[in-house]
Amino acid sequence: MTVQPIRLFGDPVLRTPAEPVVDFDAELRRLVADLTDTMREQSGAGLAAPQLGIGLRVFTFDVDDVLGHLVNPVLEFPDEEEQDGQEGCLSIPGLYFDTKRRMNAIAKGFNEYGDPVQIVGTGMMARCVQHETDHLDGVLFLDRLDAGRRKEAMKAIRQAEWYDPAAPPAVKVSPHASPFGLGR
């Protein structure tokens, strides 16, 4: 259980869909512990395994005093209600942009032992499970921004002190159908 370095925007691992977890073993439990320690050290609301360079479908979360994790998540949306609010990412440090998400989400998956888990989230919890599941699909929240916001975000990234122009990032359009008509 240790704090690990977080991969930053431009790292190809952030754009690579993660593989499903098949072994619920001690190695997976170490990964969950490392994700949790790293997320908490960085004061994040969530952290996905690809952000540590590990291509597995696992994420941790710490929202509204609820700390947990989810393995092999699948999302469901019980309604069409939306929210539009500030969203950031530990892989894009210090930058926040208004991002449309569903207001309510149900995330189903497993815990680190392979037991079924369901998270029913609204507001920030719904935003978090959508954001982290996107990471597992190789999608960044920037992909969900409308064209104007995406242009503003890319300008801010190029001006960020952590940005490395030697490794120029590529923003792609989300491969997922957006419930809002954005990111296509």
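The structure this text deals with has already been given above.
Here the residue numbers are simple positions, counted from 1 along each chain's written sequence. Totals for whole chains, interfaces and linings use all residues, but because this is a predicted model, local features are given only for residues with pLDDT of at least 70 and pairs of side-chain atoms are given and counted only at 80 or more. Remark: hydrogens and water are excluded; side-chain values derive from all non-hydrogen atoms of the structure.

Asks: Tell me about the side chain of serine 91, and please be specific about residues and values.
Replies: Helix and strand definitions here come from DSSP, where helices need a minimum of 4 consecutive H or I residues and strands a minimum of 2 consecutive E residues; each element is numbered from the N-terminal end. Considering the arrangement of structural elements, one finds serine 91 in the loop between strand 4 (82–89) and strand 5 (92–102). Of the residues examined, serine 91 reaches a relative accessible area of 0% and is grouped as buried. Two residues form a contact once any of their heavy atoms are found within 4.5 Å. With sequence-adjacent residues up to four places away left out, serine 91 is seen in contact with Ile6, Arg7, Leu8, Phe9, Leu14, Gln51 and Trp162. Think of it in three bands: residues with accessible area under 20% of the maximum for their type are buried, residues over 50% are exposed, and the middle band is partly exposed, with areas taken using a 1.4 Å probe on protein chains only.

Asks: Give a detailed account of the pairing of strand 7 (residues 116–122), specifying residues and quantitative values.
Replies: Each pair of strands is called paired provided DSSP finds at least two bridges between the two strands. Of the strand pairs in this sheet, strand 6 (residues 104–110) and strand 7 are connected by seven bridges, and their pairing is antiparallel. Across the sheet, phenylalanine 110 pairs through a bridge with proline 116, a residue of strand 7. Once strand 6 ends, the chain turns through five residues before running back antiparallel as strand 7, passing glycine 114 with a positive phi of about 90 degrees.

Asks: If you had to explain the environment of proline 165 to someone new, which residues and values would you point to?
Replies: Along the polypeptide, proline 165 turns up in the segment after helix 3 (147–159). Here the alpha-carbon distance between proline 165 and glycine 10, two residues 155 residues apart in the chain, equals 9.6 Å.

Asks: Which residues make up the packing of aromatic side chains, and what values go with them?
Replies: Pairing of aromatic side chains here covers Phe, Tyr and the six-membered ring of Trp, requires ring centres within 6.5 Å, and sorts the geometry by plane angle: under 30 degrees stacked, over 60 edge-to-face, intermediate tilted. Across all of its chains, the model carries two aromatic pairs by this definition. Ring plane angle 70 degrees and centroid distance 6.0 Å describe the contact between phenylalanine 24 and phenylalanine 110, whose orientation is recorded as edge-to-face. Taken as a pair, phenylalanine 24 in the segment before helix 1 (26–41) and phenylalanine 110 in strand 6 lie far apart in primary sequence, 86 residues in all. With a relative accessible area of 31%, phenylalanine 110 lands in the partly exposed category. In our convention, an over-ring charge means Lys NZ or Arg CZ found within 6 Å of a ring centre and within 35 degrees of that ring's normal. Over the face of the ring belonging to phenylalanine 77 we find arginine 102, whose NZ or CZ atom lies 4.7 Å from the ring centre.

Asks: I'd like a description of the sheet that holds strand 3 (residues 66–76), backed by residues and values.
Replies: Spatial ordering of the open sheet is given by 1-2-3-6-7, a layout of five strands whose pairing is antiparallel. The open sheet has two edge strands, strand 1 (46–48) and strand 7, and neither has a second partner. Taken over all neighbouring pairs, the strand axes of this sheet differ in orientation by 40 degrees on average, direction set aside. As paired strands, strand 2 (residues 58–63) and strand 3 are joined by six bridges and run antiparallel to one another. Of the residues in strand 3, the one forming a bridge with phenylalanine 61 is glycine 68. Orientation is described by lines fitted to C-alpha atoms, with helices fitted over the stretch in contact, and by angles between N-to-C directions that extend from 0 to 180 degrees. Packed on one face of the sheet, helix 1 meets strand 1, strand 2 and strand 3 and runs near 40 degrees to strand 2. Helix-sheet contacts for helix 2 (residues 124–136) involve strand 1, strand 2, strand 3, strand 6 and strand 7, and the interaxial angle to strand 2 is about 160 degrees.

Asks: Any details on the pattern of salt bridges? Residues and values, ideally.
Replies: Salt bridge, as applied in this entry: a Lys or Arg side-chain nitrogen positioned within 4 Å of an Asp or Glu carboxyl oxygen. Scanning all chains against the criterion turns up 12 salt bridges. One salt bridge in this structure joins aspartate 84 and arginine 149, with 3.2 Å as the shortest N-O distance. Separated by 65 residues along the polypeptide, aspartate 84 in strand 4 and arginine 149 in helix 3 bring together distant segments of the chain. Glutamate 87 is paired through a salt bridge with arginine 127; the nearest N and O atoms lie 2.5 Å apart. Taken together, the positions of glutamate 87 in strand 4 and arginine 127 in helix 2 put the pair 40 residues apart, joining distant regions of the chain. A single burial state applies to glutamate 87 and to arginine 127, both of which are buried. Each of Glu87, Arg101, Arg127, Asp134 and Arg144 takes part in one network of salt bridges that share partners.

All we've got here are geometric facts, nothing functional implied.
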